[in-house]
Structures are given as structure tokens and as C-alpha cells.
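Chain residues, written in single-letter form:
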Amino acid sequence: MDAFSSSFCTKFYPYTNKLAFSPTSTSSQTHLFYISAVNVEERPKRTTNSSSSSTINTETPVLGGGDHAKKPVLTKRKPSSRSFVTETPSFQSTIFNTFDNFVNNFIDPPTRPSVDPQHVLATNFAPVDEFPPTKCTVIEGELPESINGAYIRNGPNPQYLPRGPYHLFDGDGMLHSLLISNGQATFCSRYVQTYKYKIEHKHGSPLFPNVFSGFNGLTASAARGAITAARVLSGQYNPINGIGVANTSLAFFSKKLFALGESDLPYEIKVTPDGEILTVGRTDFDGKLFMSMTAHPKVDPKTEEAFAFRYGPVPPFLTFFRFDSSGVKQADVPIFSMTRPAFLHDFAITQKYAIFTEIQIGMNPMEMIFGSGSPVGADPSAVSKIGVIPRYAKDESEMKWIDVPGFNIIHAINAWDEGEDEIVLIAPNILSVEHTLERMELVHALMEKVRINLKTGMVSRQPLSARNLDFGVINQNFTGMKNRFVYAGIGDPMPKISGVVKLNVGEDQEHKDCTVGCRIFGPGCYGGEPFYVAREPNNPDADEDDGYVVTYVHDENKGESKFLVMDAKSPTLDIVASVKLPGRVPYGFHGIFVQESELKKL
Ligand SMILES: [Fe+2]
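These numbers were taken from a predicted model, which means no experiment stands behind them.

Draft legend 1. How the structure looks around the overall build of the protein chain. Check the secondary structure of the protein chain and you find six helices and 37 strands. Restricting to contacts in the protein chain with at least 6 residues of sequence separation, those with at least 24 account for 60%.

Draft legend 2. Structural detail: the sheet that holds strand β5 (residues 131-135). Within the open sheet, the five strands sit side by side as β5-β9-β8-β7-β37. Their pairing is antiparallel. In this open sheet, the two edge strands, each paired with only one partner strand, are β5 and β37 (591-595). Sheet twist, expressed as the average angle between the axes of neighbouring strands with direction ignored, equals 15°. As defined by bridge partners, strand β7 (residues 149-156) adjoins β37 across five bridges and the pair is classed as antiparallel. Residue pairing for β37: G149 is matched across the bridge by Q595.

Draft legend 3. Seen up close, helix α3 (residues 195-203). Within the span of α3, buried status applies to Y195, K196, Y197, E200, H201 and H203. Packed against the buried residues of α3 are α1 (91-107), β9 (184-191) and β13 (277-282).

Draft legend 4. Broad picture of the pairing of strand β11 (residues 256-260). Burial runs high along β11: four of the five residues are buried. Relative to β11, strand β10 (residues 249-253) runs antiparallel, the two sharing five bridges. The partner of S249 across the bridge, within β11, is L260. The antiparallel pairing of β10 with β11 creates a hairpin that spans two residues between the two strands, and S254 there sits at a positive phi of about 55°. Here three bridges tie β11 to strand β12 (residues 267-271), and the two strands are oriented antiparallel to one another. If you follow F258 over to β12, its bridge partner there is E268. Connecting the antiparallel pair β11 and β12 is a turn made up of six residues.

Draft legend 5. Quick peek at the environment of K455. Mapping K455 onto the fold places it in the loop between β26 (444-453) and β27 (459-463). Along the primary structure K455 and E422 are separated by 33 residues, whereas in three dimensions their C-alpha atoms are 8.0 Å apart.

Draft legend 6. Main features of the sheet that holds strand β24 (residues 414-418). In space, the four strands of this open sheet follow the order β24-β25-β26-β27, with antiparallel pairing throughout. Of all strands in the sheet, those with a lone pairing partner are β24 and β27, marking the two edges. Looking at each pair of strands side by side, their axes are set apart by 30° on average, direction ignored. Bridge count between β26 and β27: five bridges; the pairing is antiparallel. Bridge pairing links K449 to Q462 in β27.

Draft legend 7. Spatial organisation of the UniProt feature "binding site: Fe cation" (unreviewed entry) in the protein chain. Following the UniProt record, the feature "binding site: Fe cation" (unreviewed entry) maps to H296, H345, H411 and H590 here. Over a stretch of 295 residues, the named residues converge on one spot in the fold, their C-alpha atoms separated by at most 12.6 Å. Here H296 is to be found in the loop between β13 and β14 (298-299). A tally of 21 C-beta atoms within 10 Å means that H296 is categorised as buried. In this fold, H345 is placed in the loop between β17 (333-335) and β18 (348-349).

Draft legend 8. Representation of the pairing of strand β22 (residues 385-390) within the structure. Of all six residues in β22, five are buried, a share of seventy percent or more. Inspection of the sheet shows β22 paired to strand β23 (residues 400-403) by four bridges, in the antiparallel sense. Looking across to β23, one finds that K385 is bridged to D403.

Draft legend 9. Unusual backbone geometry, seen in detail. Here the bond from D492 into P493 is cis, since omega is -10°, no more than 30 degrees from zero. By secondary structure assignment, the location of P493 is in the loop between β29 (485-491) and β30 (497-504). Here the residue pair M494 and P495 is connected by a cis peptide bond, since its omega of 5° sits within 30 degrees of zero. Within the element layout of this structure, P495 appears in the loop between β29 and β30. Even without a glycine there, the phi angle at N182 is positive, about 50°. You can see N182 is positioned in the loop between β8 (173-181) and β9. On the basis of neighbour counts, which here come to 8 C-beta atoms within 10 Å, the residue N182 falls in the exposed class. With a phi angle near 50°, F471 is a residue other than glycine that sits in the positive phi range. Looking at the secondary structure, you find F471 in strand β28 (residues 469-473).

Draft legend 10. Region of interest: the nonpolar core. I355, A415, L425 and V550 are the most contacted members of the largest nonpolar core, which has 130 residues in total. In terms of residues, this core owes the most to one element, strand β25 (residues 422-431), which gives six residues. Excluding its chain neighbours within four sequence positions, the residues that come into contact with A415 are A348, I349, T350, I355, I423, V424, L425, I426 and G480. V115, V120, A126 and L168 belong to the second largest nonpolar core, which has eight residues in total.

Draft legend 11. Here's a closer look at helix α4 (residues 218-233). The terminal C-alpha atoms of α4 lie 22 Å apart, and with 16 residues this matches the ideal 22 Å at 1.5 Å per residue to within 8%. Among all positions of α4, only A220, A223, R224, I227, T228 and R231 are buried. Angular distribution of buried residues about the axis of α4 spans 135°; they occupy a single face of the element. In this structure, α4 carries A226, A229 and L233 as exposed residues pointing more than 90 degrees from its buried face. Just downstream of α4 lies G235, where phi reads positive at about 85°.

Draft legend 12. Here's a closer look at the packing of α1 against α4. At a minimum axis distance of 10 Å, the contact between α1 and α4 shows a crossing angle of 170°. Comparing their axes, α4 and α1 come out roughly antiparallel. Packed against α1, whose contacting residues are F96, F99, D100, V103 and I107, the element α4 presents T219, A220, A223, R224, I227, A230 and R231 at the interface. Across the contact of α1 with α4, the residue classes tally to eight nonpolar, one polar and three charged.

So, how was this worked out
Residues numbered from 1 in each chain as written. Predicted model: local features only at pLDDT ≥ 70, side-chain atom pairs only at ≥ 80, totals over all residues. Helix = DSSP H or I, 4+ residues; strand = E, 2+ residues; numbered from the N terminus. Contact = placed C-beta atoms within 7 Å. Pairing = 2+ DSSP bridges. Axes fitted to C-alpha atoms, helices over the stretch in contact; angles between N-to-C directions. Buried ≥ 20, exposed ≤ 12 C-beta atoms within 10 Å, placed from the backbone. UniProt positions renumbered as here; feature names shortened; annotations may be inferred. Core = buried A, V, L, I, M, F, W, Y, C linked by C-beta atoms within 7 Å. Expected span 1.5 Å × (residues − 1). Arc of directions from axis to C-beta. Parallel < 35°, antiparallel > 145°, perpendicular 65-115°, else oblique. Nonpolar A, V, L, I, M, F, W, Y, C, P; charged D, E, K, R; others polar.

In C-alpha cells:
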């Protein structure tokens, strides 16, 4: 059984509900993670600088990472490339933290499983510490000569263990990179150094409220709002510099690599030749990008343009925009015809159009104020819609919305034009959408092929597999164009992925499962989103599936993580190479593979 051995500390006393994770094991036992009553804010002060020879000058509790087969002990932290000084908490901080603890313990304790850190951060969802670039061992097969570059995956990894309610989406973004060059692999884990991360690191404690879990009910929202206002007014931080955690995905466009979270601007990232991950900084594209941007921009492989959007709680609920091939952001196209502040996490493009959805999940401020739920929730009375707009539209005058009851997608995998008037969209439709935020383990995502006739407004939907599939990817050379193959994770339950399937979505096959390839990782082994890496990325004549499917997989029995390279053409997705990772990779969200030639230009 994986569990935390101690209960969530609820005693009202400054700092005593700060918790730290400690991995523990015996040589013969399943590895367990538990919370021990360690006050994070009382951790020894540390000073690091960019010199690789600098180390923390004292012993520090390790939150995770490193060798998880060892008993939890106070060990010396490995050299860090970061440059921070943790300040002694001021009297002011102590007061704010005390009020924060009071709210977390007495007004809004984490009673629901979806926001209870003991539940949310159990097993391989537990955070790890940063891990410096370290050479890895290939334990099965060989890394293909054609794979040279970095696979990087993003995910939530709270810098400080939560004082109170915590949702999976609230964690600070951590990047786990495997740099592969000439058959050698180098692993590294680093936080995205967001403004939030740096300010909280400097103060040595959490300061920002958790967006997905911190505003439940009027009293808790008012209390946390007041504490937030007090922190801002006292100068602890300035939200204008960004409140995001950049924990969702990565994207490569404008000849730059970005870590993304949809509540903030992109953070530019670099991977150095020795495998180190650096955060260059938050970017507003010469002042043209405001507030936030989707974590799922779409890059046209032919034109190298990037299409994106932002959404929010006040009209226009949706704003569409793009970056030209030089990386220059073009003018916003506000979409006032979107009628509700729906949750809009992803979209799709074709060669002619951009496709959005208005799903039944939306922002629900009344529930936040008068109920006890999240400010984001499902509205069963709402009718889902698909909205289509020419991708070079200057305004929304040509946008069409079509009612599609019961169509609730979080992710869109690909879309393309067929004939003059039709669009085909491939996306996993979330059944029982009401569970998306609160009971993710009950979510079933049904992969669908959706045909939209723009002339008649008719929409037809074809299920592609009965399996619970999400985190689907394609050969990115086919973004916006007709393609055949989708590689998707099998939710068991979501967001844990027990295997990967390959679907043939190119042909219409009524009442037939479109699975043409499958690999199950094995008992106790779970991965994340797969990613497709072409064997010859610059060969326009290469088969669509002439390449590899890669992903991180964690073995919960051994407490070990590995990197798998699978043959995309094989019906059993044969393992081409398996790399043992020196650090644990917690379950997370989206990743990317960036070719070595592109990394050198960053
Ligand atoms: Fe996503």
C-alpha cells in the first residue's frame, strides 16, 4: 500500500503544518513515501550560486530525487546551478503565515481527496528535489543513432509541501530532461524558475495562493484573498510579474523553447550541451503578449507559424492570436461570441481554420462564493459547442459556432480539412465530465473522430476505441494536416498511464476499434504522455510512423524510473532501448522532444 504514514498536521501553531516528504524503503519492501513533521521554513539556510563547485554549506532534508532506495537521512544537497539566498522569515512573514495556517487548519482544511495533499501527493505523485545533469545507463537495447536531442517533460512538483488544500494542477513546474547524444543519455530535473518559484524560494515559504484549491466557499476565499492582498500591499510580491507555475507543457516555436502554464506568459528555457536546464525568463514577446497564453499552442510545420489563445473569466472569454514564422506576435482577435467562461485548455488548427470548444466545464464564481466547491466546475445545463474561425481572421465576423451536446474535450490531438466544407477533428471526449477536477480517477476519455460540415452545420462523431485514452500525440510534421496515426496513453486511472496505444485514425471504420499497436508497461508500472520522435525528421518522404514513441515510466514496485524508446511501426511497440534514470520522475503532464540541432541554436 502506498500511503502517507502521518496525518495532515492540523494543530494551530506557526510553522508546524509545514511538511516534508521522505522516501523510505528497505531492500525487500515496496518503496513508500510518507510525510514527516518537518518544518520546511525551519530548514537550514542555504546559499548557492552558479558555480558548479559551490554547495550548500549545511545539511538539508532532501524532499525527494536522488537515490530513493536510501533511508531518509539528512544528506548534503548536490551542487545547484541556481543563485538564491533564502531569507530569514521577517516578523511580517510570520504574521501572514500564521493567518494562513489558521485558515488552512480551521476555516478550510483539505477535507476533499482532490485537494488533500496526503492523497494528491501519494506514491509517485510525491515531489522530488532538483537533480543535476547525470549520465545514465542504458539497461536494455541501444539508443538509436537517429535520436539526438532532448526529451523534456513538464509536471507539478511543489517547491514547499502544501500548508493546506492542494490540487494536482497547483504544483510548481519541474522539467525532467533526458539529453541524448551519440547513444549517451544525461538526465536532469530542474524547476522552471518562475517569478512565483523565485520569490517563494527567497522567502523560504509559500506565498502565493493555490489557484485550483485555495478558493472554496465565501469565507475561505475572503480570508485567503485578504492574506494575498496583505502580502501584495506589504511588498512581498507583485502579481504583475506573474502568478503562474509553468507546470503544464513545453513548446518550441519562434526558434525558442518555452515552458508553459495557461495562467501566465511563457517562460523561455534552454538545455545546455552538458544537459543542464536553464530558465532564461518570462517573455512577453516585445510587450505584445498580455496576461496569459494556452499551454497548447499549435505550430504549423510548413509555415512555422504558432497559433495560440488565452481565455478568462470576463469578456471576451476567448482571445485568438498567432506568431508569424519570425516569432512576431500578431494582433489579438477577441472572440465575444463565446457566451460562457468555459474551461478552454486546448484547441486545434487545420490549414484553413482554428477550432475551439465551449465545453460544460467553466468558471463558476457563484459556487465559489455560496457553495463549497472549486471556482471551476461542470454545468450540466450548458450545451457544448464547437467554434470554427479562419486561422488568419482579423476579427470574429466569420466565426461559426455549432451545438454539439455532450462533447467535452480537454485536449485536441489533430484536425484537418476535407474537401471544401468539412473539417475532421481527433480528440478524446471526456465522459462524466463532472469528475474532471474532483474525481479524475473516474474520468473516461473516449477517443473520437469528429466530422464537422461547415456548410450544413452537421456534426458526426465516431468513437475510435473503447479504451480510456488521453495524452494523445502525432508525428508533429502532420499538425493541421490529414494524418493516420495517434499515440495515446491508457488511463488506469487518469492521470496514471498504464500503457500506450497506436491508433489508425486515417480511415473511417464504423464500429471498429482503430487500435493497431499497443504496449502495456507491466504490473505497477505507469508512464505519462507518449511523444513521437521521427527517425528522419527532415525527410518529407518518410513514412508517418517511421520513428519512435518515447516516454518516462515509473516502476512503483522498485521505486525506479526509466525512459523507454519504442518502435512506432511495431504492432507491439517493441522496446528499442530502456534507460535507467538516476532520479525519480513523478507523474506529470506534457513533454516534447527537441532535436540537437535546434538545441544548439537556443
Ligand atoms: Fe494539457
